[in-house]
Amino acid sequence: METNRTALEYVTAEKKIHSLLGLSQRGGHIASGEFMTEKAVKDGRAFLCIVAEDASDNTKKMFKNMCDYYNVPFCCFSDKDTLGRCIGKEFRASLAVLDAGMAKAVAKHFATLGITVRG
């Protein structure tokens, strides 16, 4: 019974993250794609940076180092196709959440999944 409950919580938290990211996109609070995400982080507009787990090691390292330098929370989550689909786009390797409240809500659900948000 406990295993089913944990699996259900995991799937629910994952769906909530996807929903929150889609809501943020519709509200204009997402910068997606490598160039726009990098620009948002460097301009100080990003409150959370998410990179797909199947992105290249070079991309992950670049964003991790950049987020450490600019003091922006960073994590790896999902895959390129799913990240893109949840914001209504093609595949996306990276995105930045530009709203503090939405970033906090997404980070809370990451904690439920056991994903560490660095920064």
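Refer to the preceding data block for the structure.
Quick summary incoming for the structure in this document. (Residues numbered from 1 in each chain as written. Predicted model: local features only at pLDDT ≥ 70, side-chain atom pairs only at ≥ 80, totals over all residues. Heavy atoms only, no water.)

With that out of the way, let us pick up the sheet that holds strand 4 (residues 94-97). Taken together, the four strands give an open sheet; going across it, the order is 1-4-2-3, and neighbouring strands pair in mixed fashion. Where the open sheet ends on each side, the last strands, each with one partner, are strand 1 (30-32) and strand 3 (74-76). The sheet shows a mean angle of 20° between the axes of neighbouring strands, direction not considered. Together, strand 2 (48-51), strand 3 and strand 4 form the strand contacts of helix 5 (residues 100-113), whose direction differs from that of strand 2 by roughly 50°. (Pairing = 2+ DSSP bridges. Helix = DSSP H or I, 4+ residues; strand = E, 2+ residues; numbered from the N terminus. Axes fitted to C-alpha atoms, helices over the stretch in contact; angles between N-to-C directions. Contact = heavy atoms within 4.5 Å.)

Helix-helix packing is described using two parameters, namely the angle between the two axes and the distance between the axes. Where helix 2 (residues 34-43) meets helix 3 (residues 57-70), the axes come as close as 10 Å, and the angle between the chain directions of the two elements is 15°. As far as their axial angle goes, helix 3 and helix 2 are roughly parallel. For helix 2 against helix 3, the interelement crossing comes out left-handed. Every residue of helix 3 that contacts helix 2 at E34, T37, E38, V41 and K42 is listed here: T59, M62, F63, M66, C67 and Y70. Across the contact of helix 2 with helix 3, the residue classes tally to six nonpolar, two polar and three charged. (Parallel < 35°, antiparallel > 145°, perpendicular 65-115°, else oblique. Left-handed = near helix turned anticlockwise from the far one by under 90°. Nonpolar A, V, L, I, M, F, W, Y, C, P; charged D, E, K, R; others polar.)

Turning our eyes to something else, we now look at the packing of aromatic side chains. To describe a pair of aromatic rings, you give the distance between the ring centres and the angle between the ring planes. On inspection of all chains with the given rule, the structure shows two aromatic pairs. For the pair Y69 and Y70, a centre-to-centre distance of 5.0 Å together with 80° between the ring planes defines the contact as edge-to-face. Classification of Y70 by relative accessible area gives partly exposed; the value is 35%. With a centroid separation of 5.0 Å and an interplanar angle of 70°, the aromatic rings of F77 and F110 are classed as edge-to-face. With F77 in the loop between strand 3 and helix 4 (80-86) and F110 in helix 5, the pair connects residues that are 33 residues apart, well separated along the chain. Residues F77 and F110 agree in their burial class; the two are buried. (Phe/Tyr/Trp six-rings, centres within 6.5 Å; stacked < 30°, edge-to-face > 60°. Buried < 20%, exposed > 50% of the residue type's maximum accessible area, 1.4 Å probe, protein only.)

So, about helix 5. Here helix 5 is 14 residues long and its end C-alpha atoms lie 20 Å apart, about the 20 Å a rise of 1.5 Å per residue gives. Among all positions of helix 5, only M102, A103, V106, H109, F110 and L113 are buried. Buried residues along helix 5 cover an arc of 125° about the axis, so they all sit on one side. Residues of helix 5 that are exposed and angled more than 90 degrees away from the buried face: K104, K108 and A111. Regarding helix 5, its N-cap is D99, as a side-chain oxygen of that residue lies 3.4 Å from the backbone nitrogen of G101 further along. (Expected span 1.5 Å × (residues − 1). Arc of directions from axis to C-beta. Polar contact = N/O pair within 3.5 Å; in protein donor to acceptor, adjacent residues only side chain to side chain.)

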